[in-house]
Structure formats: C-alpha cells, structure tokens
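Listed below are the residues making up each chain.
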Amino acid sequence: MTPETLAEKVLSATREAFEALGLDAAVLPTRTAVERPRDPKHGDYASNIALQTAKKAGTNPRALAEKISELLAAADGVAKVDIAGPGFLNITLDAAAAGEIAGKIVAAGPAYGDNGSMAGQDVNLEFVSANPTGPVHIGAVRWAAVGDALARVMRASGAKVTAEYYFNDAGSQIANFAASLLASAKGEPTPENGYGGAYIGDIAAKVVAIRPDILDADDPQELFRQIGVDLMFTEIKADLAAFGTHFDVFFNEKELHEKGELDAAVQRLAQQGHIYESEGAVFLRTTTFGDDKDRALKKSNGEWTYFAADCAYYLDKRERGFGKLVFMLGADHHGYVGRMQAMSRAFGDEPGTMEILIGQLVNLLRDGKPLRMSKRAGTVIGLDDIVEAIGVDAARYALARYSADSSIDLDIDLWTKHSSDNPVYYVQYAHARIAGVLRNAAERGFSKGDGYDAALLTHERESDLLKALAEFPSVVASAAELREPHRIARYAEELAGAYHRFQHDCRVLPFPEEAATPVNTARLWVVDATRTVLANALGMLGVSAPERM
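Here's what I pulled together on the structure shown here. What you are looking at is a predicted structure, and each value in this text was computed from that prediction instead of being measured. (Residues numbered from 1 in each chain as written. Predicted model: local features only at pLDDT ≥ 70, side-chain atom pairs only at ≥ 80, totals over all residues. Heavy atoms only, no water.)

1. Let's talk about the overall build of the protein
Each helix and strand in the protein was counted, giving 20 helices and 14 strands. Its C-alpha atoms put the protein at 85 × 65 × 40 Å along the principal axes. The buried share of the protein, taken over its 549 residues, is 51%. Put simply, of all contacts in the protein between residues at least 6 apart along the chain, 71% involve residues at least 24 apart. On the protein, roughly 24,300 Å² of surface is accessible, and the fraction owed to carbon and sulfur atoms is 48%. Averaging the locations of the 57 positively and 76 negatively charged side chains of the protein gives two centres separated by 3 Å. (Helix = DSSP H or I, 4+ residues; strand = E, 2+ residues; numbered from the N terminus. Buried < 20%, exposed > 50% of the residue type's maximum accessible area, 1.4 Å probe, protein only. Contact = heavy atoms within 4.5 Å. Areas by Shrake-Rupley, 256 points an atom, 1.4 Å probe, with all protein chains shown as cover. Lys, Arg positive; Asp, Glu negative; His and termini not counted. Charge placed at Lys NZ, Arg CZ, Asp CG, Glu CD.)

Below is the structure:
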C-alpha cells in the first residue's frame, strides 16, 4: 500500500465518520496526506486529519479521531489504529499491505516516482544563462546541476517544462570580449575591463584560423565579436552537454533588439499606465508594486537599459504561452528580485506567475583551502575544473545535494573518496551492491518469478525499507513543489542506508546447499524494487547508477 492509497482510505473513513456523527462534510479537504512518524513505535504512518477538521466541524478532535480510527481499522490492509494526544491517528499496516509496494515498484520500473502534483502546468525554467564571454564558472555550474535536476523532478510531477538558456549576445560585456580577442591576436595587453586567461588566446587563435585576413578587415573587432561569440557559445553548449545538462531552447538577446520587442514591451507597459519620462529618459514606475525605486528603460541618450531587455524577454515568454516562469539567478542578483517581480505585476500578471530562485556561492576546496585560480580561465573556477577534480557524477550530485540558497564548500578529497564518507559513492555503491545480488541470483538460477507472498515480509528491516520505498513519489512531488531537488539526494542516501541495514540483517539468497524459500523470493522482490528506486532517484539528479564499482 502506498502512502497515497492510505491517505485516500483515511479521507474516506473521515467522510464516513462525519456522516455517522451528523457533521457537515463541506469542511473536509479534497485530499489529505499521511506522514511517517519519527518514532517507528508509533506505527507506520500518522495523520492529523481529526485535528485539522474537528474545529471547523464544531466537534471534539479526540471524539472525531475515535470514530475515524474505528472505521479505518476495518479497512483492508490496516492492522490497527492508535490515537495519540488530542487526536493524532497512528496507523499500522499489516505485512501484506506494506509489502505490496515492492511489486508495484517493479511493475512501474522507470516510471515509479512519477506523480501528477504539477499536472497541467506549463513551466519555462531558465537557468545557467552565463554570458558567452568565457567558460562556465562554478556558480553557473551549480545551476547546471540544480536546474537540470529541477526540470527532471517537475516533469516527473506532471508539468510540461521547457528548459531555457538566455544567451546574452548584446551589450558592453560582449564588446569587451571582442576587444580582448582582438588585443590577443595582435599580441597586445588585455584592454581595460577586458577578459584574461588562456582561453582568450585559444579563441583568438581559432578566429584567426577561420579568417586569416581578419586583422586587415575594415572592422576586425566586429568580426572577432561575431566569430568569437559563436565559438565561445559552441564550447559552452558542448561543455554543458558533456555535463549532462540539456536545454530545449537557446534564446538570443540580440533577437529581442532585432525584432523590436523592447519597443513592444514598453508600449504594453505604457498601455497599462506605468511608463513616464523624466529628463529625457523613459522609466517604469516599479515603486507602484513595491520596488525601492523606479527603473529606467531607456537612457536620455536613447540607449536601452538591461532592464528593458529583461522586460521584453519576460513578455516574450508569456506570449509563448508559459503560465509559470522560473528564473534561477546567481548570488549577485539579489537586487533583481524586487524590480523583476514589480515588472511582472506591471504587465498585469498575478503574484506567483514568476519565481526567482537565488543560488549562493560555491567554493572548491583542496586540502581544506579554497581553489581560487583556474588553469584555463585564469580568474575563476569553471566547469572543466570541477569535472577534472571530481568527475561529472560527483560534481552533479554534490552541487544538487544542498539547498541552493545556502553556500557550499566542495572538498575534493571527500568527493573523490571510495568510501561511505562520500555521499555519491555511498548511494552508487548501494545500487551496484544490489546489481551484484541480482546477478548472483541469476547465475544460480534463482528467479523472483511472477509473484511473491508480501505477508512474509515481517522483519523490522524489511518494514523500514518498504516504508522508505513507498515514500519516493511524495519526495519527488515535494522536491518539485518546493523547487528543492536536494530532497532527492538526501532521500537516496536514506534509502541506501535502509538497504544496507536490510541486507546485513536479512539474508536474500539461500546458502548454496539450500533451496530458495518463499521468504527468499519475497526479499528478492524487495531488492529489485530498491534497485529501481535508487536508479530513478539518481536519474533525476542526472547521475549514473553503476552496475559494478
């Protein structure tokens, strides 16, 4: 029995209790949830529905809980229901009902964990969006791991998700990048506000190889801009793909300017009555919607501001049909939240249409000391540095394992250990260990067959593992709803621990001289179910599930 099935039984019993007590069922929720109690002695699951609804119905929660428990205890699969405190329901399942989950997981396979909590939502999820002026730095790498994992858990929760990369190919930073390439090709020092690092020389040399006559052209810097940006962005795309991060859309800022979308956005905001001019500049009255000051859209010299492009880009997304826009920004963008939310409201959208997630800093440590310099970029640690240091799997897992709003220190020594101290190794080893058990069973001709007797799964370690397995869909739903894919990693570690304890105390394969018993068969189903869930959890993080280690 899954937690969702049990929750339905709890709600059904509550409806019956309301009818029996003559209470108004209109106060009942359309759905409820059950949770695992902290102390296993309090049963398999707990519900506070009596406390949640009694006051609204004008009755005593303890009395309501007693009636619910009486009806719920008669339901199939429920062994007993105890009442704790003022009306908490502590529910214990019978072994057969608890053990059913293993068969359901094996039957569902890669689809186990999918849920409909975000069904019908059309989400545009933008992340990374690093300027094509250099390699992807470690802060953006964090979003590459977290954003890609979030897209996966949202899709598993029923949402239609478009992963998007905003390609900033306009503005002063691009001009500085082009000037740096030109200076490198001429053998001159890096210009003021330019970019250094070995990669500038690499890109400049490639541009010259493509256009040997470039230094004799009428506008060599413009050619370096066009060719250099294309080469840099091609490299960024390749690096992200090798990291396992994939995008559905690469959107060019330059298109906004070329298609006149900045003018269109200002016209739309003017129609809403939120535009004014002052000293030759054009402003959006964002203070109407809680911003600390109004924001300029066009300077007095006629140049567009970056914020104008932000407005046009937002409107472009909305006109593409997205009902929910999620932007994942770096730690230096805290000041953007107020103005962006105000801009959304100025367009007439409801609060919540746009979400802005801010990621905190990442430090890569070696011997306990932060690494500050990249061999290639020269000034910042990048994607290639972290992959070289700990590998793709460890990097993705480590970056997605922590809440994005907290700073993290990634210790190279820890994340390259082949021991249980290394979280990704611990989880992957559990999967590999299970794969080994299943191989041994197959080599000995021991098959789990077409079915098993779930009622035989009565050991405490079996019960703990089954309850952990049953939680996965709700963990995925929570990770999607709260935008916290780190919940998947923490769950995977807990599940790996539950499996290791199970295998220590519960013999899965019979001794060579013994025939397999129904208990062995039932346990093999649990093992296979655990393999499925570990693989699915790792897959949602974009991390491999090895068969051998």
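Structure's up, so let's keep going.
2. Section: helix α14 (residues 392-400)
In terms of burial, α14 is a largely internal element, 7 of the 9 residues being buried. Of the residues making up α14, those classed as buried are Ala394, Ala395, Arg396, Tyr397, Ala398, Leu399 and Ala400.

3. A closer look at the side chain of threonine 2
Mapped onto the secondary structure, threonine 2 falls in the segment before α1 (3-21). A relative accessible area of 14% means that threonine 2 is categorised as buried. Reaching out from threonine 2, the side chain makes a polar contact with the side chain of threonine 5 at a distance of 2.9 Å. When neighbours within four sequence positions are excluded, threonine 2 is seen to be in contact with Ile101 and Lys104. (Polar contact = N/O pair within 3.5 Å; in protein donor to acceptor, adjacent residues only side chain to side chain.)

4. Some remarks on the environment of glutamate 355
Tracing the backbone shows glutamate 355 in strand β11 (residues 354-358). Judged by its relative accessible area of 17%, glutamate 355 is buried. Residues glutamate 355 and methionine 549, spaced 194 residues apart in sequence, show a C-alpha to C-alpha distance of 40 Å. There is a polar contact of 2.7 Å between the side chain of glutamate 355 and the side chain of arginine 483.

5. Let's talk about the packing of aromatic side chains
Scanning all chains against the criterion turns up 19 aromatic pairs. On the numbers, 5.5 Å between centres and 55° between planes, the contact of phenylalanine 247 with phenylalanine 250 is tilted. An aromatic cluster is defined as three or more aromatic residues linked by ring pairs; in this entry it consists of Phe127, Tyr165, Phe167, Phe233, Phe247 and Phe250. Here the guanidinium or amino end of arginine 339 rests over the ring plane of tyrosine 336, the centre of that ring lying 4.8 Å away. (Phe/Tyr/Trp six-rings, centres within 6.5 Å; stacked < 30°, edge-to-face > 60°. Lys NZ or Arg CZ within 6 Å of the ring centre and 35° of its normal.)

6. Examining the sheet that holds strand β8 (residues 281-284)
Strand order in the open sheet formed by 3 strands is β7-β8-β9, and the pairing between neighbours is antiparallel. Strand pairing shows two members of the sheet lacking a second neighbour, β7 (275-278) and β9 (295-298), which therefore form its edges. This sheet shows a mean twist of 40° between the axes of neighbouring strands, independent of strand direction. Pairing analysis gives 3 bridges linking β8 to β9, with the strands arranged antiparallel. Bridging from a neighbouring strand, valine 282 pairs with lysine 298 of β9. Here helix α11 (residues 306-319) sits on the sheet and contacts β8 and β9; the angle it forms with β9, its principal contact strand, is near 85°. (Pairing = 2+ DSSP bridges. Axes fitted to C-alpha atoms, helices over the stretch in contact; angles between N-to-C directions.)

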